[in-house]
Amino acid sequence: MIVILKENPNPKQLTNLKNWITSQGITIHESQGVHQLILGLVGDTTGIDIDLIKALDIVEDVKRIQDPYKNVNRKFHPLDTVVDINGLKIGGGNFQIIAGPCSIESEEISQLDLFADVDVIQVGARNMQNFELLKKLGTTNKPILLKRGLANTIQELLMSAEYIMAGGNPNIILCERGIRTFETATRNTLDISAIPVIKNLSHLPIVIDPSHATGIARLVPTMSLAATAAGADGLIIEVHNDPEHALCDGPQSLLPETFAKLVKKIEKVRAAIA
Ligand SMILES: [Mn+2]
């Protein structure tokens, strides 16, 4: 349930309302918008009388949220989340392209302290529902790139993000990387519609991984342009200078010169939909 307050609510009445809500065993997550304060009520709200709260002077509206996720829900947080990666912004109109090989390819790098020097921690598709991992990531403040599992629904992806966010880490970038269908012509089936669906349901940025979605390098540019046109906040593309000798995922990796040409086309699509 969310309680939308009127502008500049009387502080004493606000405190009374909050005290009454918490006395019912419900946790409050506050979200301050440009004009309005929104209270997200987390817990069993079935016993709460909506009309009683609506009748208060300081309350503009009360809505029940049927979706099982709250922190990642756009109803609770109407503005886009912008994730800041050491000054590089993604989401809220900021578009970024992540590119490089699939795996770490030199031994020196593997000696780094785990996660200490990385900019973003990626949760791979097969770990999307590793809830112990998600809870742990919720206690860090590192940006998390959360990939959709290959057999998971959009709601399940948002529930996984909810685990991270409920732990206190709001820096989440969602990633659609193809889902398993009956189609065998591509490695997976890229769910382009996930972009507008997620944009409607959640405030978190969404990037597309056309490399794992198709598994075929020659399809990557087309799907990158389609994802950009559909409103993705970014792309994560596998690029390798010697795909045939890549440690992993060579067949879906673009050569640097192909990637450079693609970036120019992506810029044109971005300009066309602006
Ligand atoms: Mn890969």
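Now for a description of the structure that goes with this document. Keep in mind that what you see is a predicted model, and the values were worked out from it rather than measured. (Residues numbered from 1 in each chain as written. Predicted model: local features only at pLDDT ≥ 70, side-chain atom pairs only at ≥ 80, totals over all residues. Heavy atoms only, no water.)

1. Here we look at the side chain of Asp233
Which entries qualify depends on this criterion: Runs of E in the DSSP output that reach at least two residues are strands. Runs of H or I that reach at least four are helices, and both are numbered from the N terminus. Residue burial is assigned from relative accessible area. The probe radius is 1.4 Å, only protein chains are included, and a residue is buried under 20% of its type maximum, exposed over 50%, and partly exposed in between. Note on definitions: a residue-residue contact is assigned when non-hydrogen atoms from the two residues lie within 4.5 Å.
On the secondary structure map, Asp233 appears in the loop between helix 8 (220–229) and strand 12 (234–238). Given the relative accessible area of 5%, Asp233 is considered buried. In this structure Asp233 touches Ile90, Gly91, Gly92, Asn94, Phe95, Gln96, Lys199, Pro205, Ile206 and Val207, once residues within four positions along its chain are discounted.

2. Notes on the pairing of strand 3 (residues 37–42)
Stated formally: For two strands to be treated as a pair, DSSP must find at least two bridges joining them.
Burial analysis of strand 3 places 5 of its 6 residues in the buried class, the great majority of the element. Two strands pair when backbone bridges link them, and strand 2 (residues 27–32) and strand 3 are joined in this way by 6 bridges, in the antiparallel orientation. Paired with Ser31 across the strands is Ile38, a residue of strand 3. Where strand 2 folds back on strand 3, the antiparallel hairpin that results is connected by 4 residues.

3. Some points on the sheet that holds strand 2
The condition that has to hold: Helix axes are fitted to C-alpha atoms over the stretch in contact, other axes to C-alpha atoms as well, and angles between N-to-C directions run from 0 to 180 degrees.
Spatial ordering of the open sheet is given by 2-3-1-4, a layout of 4 strands whose pairing is antiparallel. On the outer flanks of this sheet lie strand 2 and strand 4 (59–63), each paired with one strand and no other. The average angle at which neighbouring strand axes cross in this sheet is 20 degrees, direction not considered.

4. Some words on the side chain of Asn152
Relative to the elements of secondary structure, Asn152 occurs in the loop between strand 9 (144–147) and helix 5 (154–166). In contact with Asn152, other than residues within four places in its own chain, are Met128, Gln129 and Ile179.

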